[in-house]
Amino acid sequence: MNDRSARGVFLGPHDLIGTVSAQYQLIDNLVRSAKGETRRGLLRVGAAYAALVGRLYQDAGDMDGAAF
């Protein structure tokens, strides 16, 4: 097992919520100025990140946060 995958085993939802939320916010900011196919791609990625944040909150037992 390489170092990267070994670290992933020890990260739980509480460890990831802040990072993934910040990445979602960055994508959201980029969408505001993007056009065309770039904007559509960012919207798809942003939707996936929003779903991931919701799942992380669910895994953490925070159902209110899951409504991200």
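Residues numbered from 1 in each chain as written. Predicted model: local features only at pLDDT ≥ 70, side-chain atom pairs only at ≥ 80, totals over all residues. Heavy atoms only, no water.

Undergrad: Quick question: what am I supposed to make of the overall build of the protein chain here?
TA: Scanning the protein chain from N- to C-terminus turns up 3 helices and 0 strands. Taken from the N to the C terminus, the helices and strands of the protein chain come in the order α-α-α. In the protein chain, which comprises 68 residues, the proportion classed as buried is 22%. A sequence separation of at least 24 residues applies to 51% of the contacts in the protein chain between residues at least 6 apart. (Helix = DSSP H or I, 4+ residues; strand = E, 2+ residues; numbered from the N terminus. Buried < 20%, exposed > 50% of the residue type's maximum accessible area, 1.4 Å probe, protein only. Contact = heavy atoms within 4.5 Å.)

Undergrad: Help me understand helix H3 (residues 36-59), please; the structure alone is not making it clear to me.
TA: Residue pairs three or four apart in sequence face the same way in an α-helix, which turns once every 3.6 residues. Over its 24 residues, H3 runs 35 Å from end to end, which matches the ideal 34 Å to within 8%, given 1.5 Å per residue. Of all the residues in H3, the buried ones are Gly41, Leu42, Gly46, Val53, Gly54, Leu56 and Tyr57. Tucked inside the fold, the buried residues of H3 contact helix H2 (13-33). Positive phi appears at Gly61, one or two residues downstream of H3, with a value of about 85°. (Expected span 1.5 Å × (residues − 1).)

Undergrad: What exactly am I supposed to notice about the pattern of salt bridges here?
TA: Side chains carrying opposite charge are able to pair once their charged atoms draw close together. Evaluation of the coordinates by the stated rule reveals 3 salt bridges. Ionic pairing is found between Asp28 and Arg32, a salt bridge with its closest N-O pair at 2.8 Å. Taken together, the residues span about one helical turn, with Asp28 and Arg32 both in helix H2 at a distance of 4 residues. What makes Asp28 partly exposed here is its relative accessible area of 22%. Arg32 sits in the exposed class, given a relative accessible area of 62%. With a closest N to O distance of 3.2 Å, Glu37 and Arg40 form a salt bridge. In this pair, Glu37 and Arg40 are both assigned in helix H3, 3 residues apart and thus about one turn of the helix distant. Owing to a relative accessible area of 47%, Glu37 belongs among the partly exposed residues under this scheme. Put simply, Glu37, Arg40 and Arg44 are held in one network by salt bridges that share partners. (Salt bridge = Lys/Arg side-chain N within 4 Å of Asp/Glu carboxyl O.)

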